[in-house]
Amino acid sequence: MTQWMIKTGASRYGLAMWYFLAAALLLAAPLFTSDFRLNLLAKFLAFAIAAVGLDLLWGYTGILSLGHGVFFGLGGYAMAMHLKLQASGGRLPDFMDWSGLTKLPWFWMPFQSFGGAVLLGMAIPAAVALFLGFFTFRNRIRGVYFTILTQALVIISVTLITGQQAFTGGTNGITGYGQILGHSLAAPETKLALYYVTAGVLLATFVLARIVVKSRFGKVLRAIRDGENRVRFLGYDPSRYQMGVFVLSATLSGIAGMLFVLHVGIISPSMMGIVPSIEMVLWVAIGGRGTLIGAALGALLLNGAKSAFSESYPDIWLFFMGALFIVTTVFLPRGIAGLAVDGWRKARRIVRRRKEVPEHERKGYSAV
Amino acid sequence: MSGKAILQCKDVTVSFDGFKAVQGMNLSLEASGLRFLIGPNGAGKTTLLDAICGKVKPSGGSILYRDGIDLARRKEHQIAELGIGRKFQAPSIFPTLTVEENLELAMKQKRGILATLRAKLAAAERERLAAQLETVGLAGRQRARAGSLSHGEKQWLEIGMLLLQEPSLLLLDEPAAGMTDRETEKTGELLQEIAKDRAVVVVEHDMEFVRNFASLVTVMHEGRLLMEGTMDQVQADDRVAEVYLGKRREAAC
Ligand SMILES: Nc1ncnc2c1ncn2[C@@H]1O[C@H](COP(=O)(O)OP(=O)(O)OP(=O)(O)O)[C@@H](O)[C@H]1O
Ligand SMILES: [Mg+2]
């Protein structure tokens, strides 16, 4: 098996096989897990979607955003607003009532339809990213300065949402809904369906991201990471590419946020703050940036570990995660995925040496 | 000057916080031919190239390209798209991309987002890439990461990238720096070859190299044009000897 996996000609089949395997695993997972665990897994899969999006931006293009919690949150709010309106059945949502509103604010109107909410759950993060990207990338604000601006975006968004209690539910966020399109969110069948939807979206995201990364567009992204100026003198306008990938990345976070709300049943400002934004970056860093599978696995593994840990030691989780981050950046700059690739190569070399197969294959660049 | 000029720099001035690195420089280039730009360290050669390719904006004068396109008003990527290629002093390739990918991105093509999302390497393009790999002596290395190449190979890769851009005007800043004598020789021949149907400007310190390959030489000093002529004329000129060759001699002793 190792033999045909490494042949360049067979690598496409190899890849298809991995996808098939991943799909089969995701498909079969409900057979082995309790409802509770399945719900957790579904949530992690939503996180993995955001991680893949963040990796396109950070891992491939070299732009570090510490503000993706905002895009995630905006998606989450879009979905939650729709669910809340459905649950209120034509009346004002309860928190508006308590705050003394008498009329539904105009910007809540489009969320009455499910389709409208889903569309806006992608379009709003995309628009915010485009706006921020337009003013930063075109003015060649990058590196640390860009990252600081994304943090400012988080602070502004969280402050705004928290302060506008009557319109947004404030610190409590938006919760208290039980149905989606007429199906109870608590029902096991709905949960199973939502799990499959999330798994499907994750696979689709993966395929899309892979197409992007393998295209010439993706090569330009990596070239920008290597040397933005050089790209410019080849005749490309890097700011367009940066805006493009930022918008794509933000949209994926928005989608992740929408799915998250369906699994968790609440969205609040604390879920889009600085800590969640940084956590997203950690998933990618530890999983392995610049590899799509690394980002996705990072999100799954770290959240798995988090829920295991924080059940018993909630306080030390953040310290543990911080320590893990330092260890990976110092010792494993390419994350777990990088470690796996190196291990795989080493194993291959040993196997080959045993069989005395001449070393004719080239190393080749792996950007799975 | 006979023939039609592809580039005309008139009284170009570039200042950095008041310091004039280039002051009132004039330069006119025909549509084809090899031009050497020489001058002592700090003469403003690199800065002049920077002004032409849009990296710095001139504070005075005009830089006209072809039929009067004012380059001072264009952005770098637009200038590159107009057919002006630039090689910097330090080799600048994309280290994490493969040799082949570096060349693929350089190739003359549509460079918008939608175009690159859909782009596929056509058979003809594949052939051109292969031919270019051959020309720059990197055949068989196409899958290697560019970052793993030797210094000389990186220089060659960059030259290959520039050629695939199919520029009408090529600006090279010390292309032979760090090359072995044989590689330098080969570079000179290649430059002469490609200068047959495009304008090539080469900044060079290696006088041996200039003597071997130059037809026309422009000498800069303190941001200004000192003189222009054949290598023989330049070498016979007293001012040049004073500011340039003189300095060299002193430094050599
Ligand atoms: N960005 C900058 N800011 C301030 N001064 C600069 C800048 N770039 C260049 N200079 C100055 O402008 C002058 C001309 O520099 P330039 O690099 O054009 O010289 P050069 O002829 O290319 O020299 P060399 O042969 O050493 O490459 C130098 O005195 C340099 O210090
Ligand atoms: Mg210079």
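This structure is a prediction, so every number in the text was calculated from the model and none was measured.

Here we look at the overall build of chain A
Then step 1. Secondary structure assignment for chain A yields 15 helices and 4 strands.
Then step 2. Taken across its 368 residues, chain A has 49% of its residues classed as buried.
Then step 3. For chain A, the share of sequence-separated contacts (at least 6 apart) that also reach a separation of at least 24 residues comes to 77%.
Then step 4. Within the structure as shown, chain A displays about 17,200 Å² of accessible surface, and the carbon and sulfur contribution to it stands at 69%.
Then step 5. Counting 33 positive and 15 negative side-chain charges, chain A places the centres of these two groups 11 Å from one another.

Points about the pattern of salt bridges
Then step 1. As enumerated under the stated definition, the model contains 25 salt bridges over all chains in all.
Then step 2. E279 of chain A serves as the salt-bridge partner of K306 of chain A, at 3.0 Å between the closest nitrogen and oxygen. With K306 of chain A in helix α13 (residues 292-312) and E279 of chain A in helix α12 (residues 274-287), this residue pair connects regions lying 27 residues apart in the sequence.
Then step 3. Classification of K306 of chain A as partly exposed rests on a relative accessible area of 25%.
Then step 4. Classification of E279 of chain A as buried rests on a relative accessible area of 10%.
Then step 5. Of the charged contacts, one joins R35 of chain B and E228 of chain B as a salt bridge, the two residues approaching to 3.2 Å between their closest N and O atoms. Of this pair, R35 of chain B sits in strand β3 (residues 33-38) while E228 of chain B sits in strand β10 (residues 224-229); the two residues are 193 residues apart in sequence, bridging distant segments of the chain.
Then step 6. Here E228 of chain B falls in the partly exposed class, since its relative accessible area comes to 30%.
Then step 7. Linked by salt bridges that have partners in common, R142, E228 and R232 of chain A make up one network.

Quick look at the pairing of β3 of chain B
Residue and element names in this part refer to chain B.
Then step 1. Within β3, 5 of the 6 residues are buried, which leaves it mostly tucked inside the rest of the structure.
Then step 2. Sheet analysis places β3 next to strand β8 (residues 199-203), joined by 5 bridges and oriented parallel. From the neighbouring strand, R35 faces β8, where its bridge partner is V201.
Then step 3. Two strands pair when backbone bridges link them, and β3 and strand β9 (residues 216-221) are joined in this way by 4 bridges, in the parallel orientation. Bridge assignment links L37 to a residue of β9, and that residue is T218.

Some thoughts on the environment of A22 of chain A
Residues and elements named next belong to chain A.
Then step 1. Relative to the assigned elements, A22 resides in helix α2 (residues 11-32).
Then step 2. A22 sits in the partly exposed class, given a relative accessible area of 33%.
Then step 3. Sequence separation between A22 and G298 is 276 residues; the distance between their C-alpha atoms is 15 Å.

Cut-offs used in this document
- Residues numbered from 1 in each chain as written.
- Chains lettered and ligands numbered in written order.
- Predicted model: local features only at pLDDT ≥ 70, side-chain atom pairs only at ≥ 80, totals over all residues.
- Heavy atoms only, no water.
- Helix = DSSP H or I, 4+ residues; strand = E, 2+ residues; numbered from the N terminus.
- Buried < 20%, exposed > 50% of the residue type's maximum accessible area, 1.4 Å probe, protein only.
- Contact = heavy atoms within 4.5 Å.
- Areas by Shrake-Rupley, 256 points an atom, 1.4 Å probe, with all protein chains shown as cover.
- Lys, Arg positive; Asp, Glu negative; His and termini not counted.
- Charge placed at Lys NZ, Arg CZ, Asp CG, Glu CD.
- Salt bridge = Lys/Arg side-chain N within 4 Å of Asp/Glu carboxyl O.
- Pairing = 2+ DSSP bridges.

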